[in-house]
Amino acid sequence: MSLDVLIPHYRDLEGFRQSIASIGDQTWTGDIRIVVVDDGSPEREFRRVRAILADQPLPFVLERNPENRGRPFTRNRLLDSIDSDYVAWLDAGDVWYPEKLKLQFEHINRLRYLGEDVSRIWVTCNYDWQREGARCYQVDQVVDCDQLKELFLGKELRCYLWTLLGHASTFRAIGPFDEQLPRLQDVDYFLRFVRAGGIITKPPYRRALCRYHKSDLGRCAHEIRQCNKTLFQKYRSSIE
């Protein structure tokens, strides 16, 4: 089996370095290709992104937006670059623990053996939440629930792409990210997946398989409020 790891990057070289290192530390032995789209970082930083990728052994593809276009546009370029059987996402600054892919692929193989249609499945995982200046703690994804409802609530089941592993066809079927959502476009993406009959599952292990580095740097309350308003309008019937 082959896997594309899709990474959007913008001006976070140290975080990017940590993310790339965590891919190289994976114990899964399948074919991994790293696909990066840089969202208009300055030329000097872009050269350093290329150097980081060139300094690791995995094959990679590096593309660049001539100017900063935002996360959803960049993620859509990544979707267009998929060329492997499976897809996983990783944001610069977040890290996978060594057994993440191995345990998620084992779970997919188990479901396939049981007759499940893996083209309808996303495999998430528990993760560690690391906010700047605070203690790290584990967050458990609850998948045995009304998934649409829990995605709206954002408490027991959260919409984080970097936790996922799925067949490439599941991501192609959903279509592009909504470029009218500079924030929360991954929430919209998860909701579309579940409303179309997709199922989110996870390996039967309690431990976290990745770590999220949470920062409010660059977050705009007005922008987030507007994106929430857009989501409420798009999914009013489901919410009601």
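Data block above holds the structure.
Calculation criteria
- Per chain, the residues get numbers from 1 upward, laid out in the order the sequence is written.
- Totals for whole chains, interfaces and linings use every residue, but because this is a predicted model, local features are given only for residues with pLDDT of at least 70 and side-chain atom pairs only at 80 or more, for both listing and counting.
- With hydrogens and water set aside, each side-chain value is computed from the structure's full complement of heavy atoms.
- If DSSP finds at least two bridges between two strands, the strands pair.
- To qualify as a helix, a DSSP run of H or I must reach at least 4 residues; to qualify as a strand, a run of E must reach at least 2; elements of each kind are numbered from the N terminus.
- Between N-to-C directions, angles span 0 to 180 degrees; the directions come from axes that are lines fitted to C-alpha atoms, helices contributing only their stretch in contact.
- Every residue pair with non-hydrogen atoms within 4.5 Å of one another is taken to be in contact.
- Under this scheme an angle from 65 to 115 degrees is roughly perpendicular, one under 35 degrees roughly parallel, and one over 145 degrees roughly antiparallel; angles in between are oblique.
- Side-chain classes are defined by residue name, with Ala, Val, Leu, Ile, Met, Phe, Trp, Tyr, Cys and Pro counting as nonpolar, Asp, Glu, Lys and Arg as charged, and the others, Gly among them, as polar.
- Whenever a carboxyl oxygen of Asp or Glu lies within 4 Å of a side-chain nitrogen of Lys or Arg, that contact is scored as a salt bridge.
- Exposure classes here rest on a 1.4 Å probe applied to the protein chains alone. A residue is buried below 20% of its type maximum, exposed above 50%, and partly exposed in between.
- By the criterion applied in these results, polar contacts are pairs of N or O atoms within 3.5 Å in which, for protein atoms, one can donate a hydrogen and the other can accept it, and in which residues neighboring in sequence qualify only through two side-chain atoms.
- It is the rotation of the near helix from the far one that decides the hand of a crossing: anticlockwise by less than a right angle makes it left-handed, clockwise makes it right-handed.

**Student:** Describe the sheet that holds strand E10 (residues 199–201), and please don't skip the residues or the numbers.
**Tutor:** The strand order across the open sheet formed by seven strands is E3-E2-E1-E4-E9-E6-E10, and the pairing between neighbours is mixed. Strand pairing shows two members of the sheet lacking a second neighbour, strand E3 (60–64) and E10, which therefore form its edges. Neighbour-to-neighbour, the strand axes of the sheet open up by a mean angle of 25 degrees, direction not taken into account. Strand direction decides the pairing type here: strand E1 (residues 2–9) and strand E4 (residues 86–89), joined by four bridges, are parallel. Among the inter-strand pairings, Leu 3 is bridged to a residue of E4, identified as Tyr 86. Packing against the sheet, helix H2 (residues 43–54) makes contact with E1, strand E2 (31–38) and E3, and its axis sits at approximately 170 degrees to E3.

**Student:** Just give me the short version of the packing of helix H3 (residues 71–80) against helix H7 (residues 185–195), but keep the residues and values in it.
**Tutor:** At a minimum axis distance of 10 Å, the contact between H3 and H7 shows a crossing angle of 50 degrees. With respect to their mutual orientation, H3 and H7 come out oblique. In this structure, H3 uses Arg 71, Pro 72, Arg 75 and Leu 79 to contact H7, whose residues at the interface are Gln 185, Asp 186 and Tyr 189. When its residues are assigned to classes, the contact of H3 with H7 shows three nonpolar, one polar and three charged.

**Student:** Give a description of the pattern of salt bridges that names residues and reports values.
**Tutor:** For the coordinates displayed, the defined rule picks out 15 salt bridges. Arg 47 is the salt-bridge partner of Glu 43, the closest N and O atoms lying 3.8 Å from each other. Taken together, the residues Glu 43 and Arg 47, both in helix H2 and four residues apart, mark about one turn of the helix. Residue Lys 102 is joined to Glu 106 by a salt bridge in which the shortest nitrogen-to-oxygen separation is 2.9 Å. With Lys 102 and Glu 106 both in helix H4 (residues 100–113) and four residues apart, the pair spans about one turn of that helix. Among the charged side chains, a salt-bridge network with shared partners connects Asp 178, Asp 188, Arg 192 and Lys 234.

**Student:** So, the side chain of Asp 4: which residues are in play, and what are the values?
**Tutor:** Locating Asp 4 in the fold gives a position in strand E1. A relative accessible area of 0% means that Asp 4 is categorised as buried. Side chain to side chain, Asp 4 and Ser 84 meet in a polar contact 2.7 Å long. Excluding anything up to four places from it in sequence, Asp 4 contacts Arg 33, Val 35, Ser 81, Ile 82, Asp 83, Ser 84, Tyr 86, Val 87 and Ala 88.

**Student:** A description of unusual backbone geometry should follow, citing residues and the corresponding values.
**Tutor:** The bulk of non-glycine residues show a negative phi, and the bulk of peptide bonds are trans. Positive phi is not limited to glycine here, since Arg 11 has a value of about 55 degrees. You can see Arg 11 is positioned in the loop between E1 and helix H1 (13–24). Phi at Leu 184 is positive, roughly 65 degrees, even though this residue is not glycine. Structurally, Leu 184 is set in the loop between helix H6 (168–174) and H7.

**Student:** Quick one: what's the story with H7, residue by residue and with numbers?
**Tutor:** Counting buried residues along H7, nine of its 11 residues qualify, which places the element largely inside the surrounding structure. Turning to H7, its buried residues number three or more, namely Gln 185, Asp 186, Val 187, Asp 188, Tyr 189, Phe 190, Leu 191, Phe 193 and Val 194. Buried residues along H7 sit against H3, strand E6 (121–123), helix H5 (147–153), H6, E10 and helix H8 (221–234). Positioned one or two residues after H7, Gly 197 has a phi angle of 100 degrees, which is positive.

**Student:** Please give an account of the packing of H1 against H2 that cites residues and values.
**Tutor:** Across the interface, H1 lies against H2 with an axial gap of 10 Å and an inter-helix angle of 15 degrees. Between H1 and H2, the angle is such that the two are roughly parallel. The two elements H1 and H2 cross, and the hand of that crossing is right-handed. Contact residues: Leu 13, Phe 16, Arg 17 and Ile 20 in H1; Glu 45, Arg 48, Val 49, Ile 52 and Leu 53 in H2. Broken down by class, the residue content of the contact of H1 with H2 amounts to six nonpolar, no polar and three charged.

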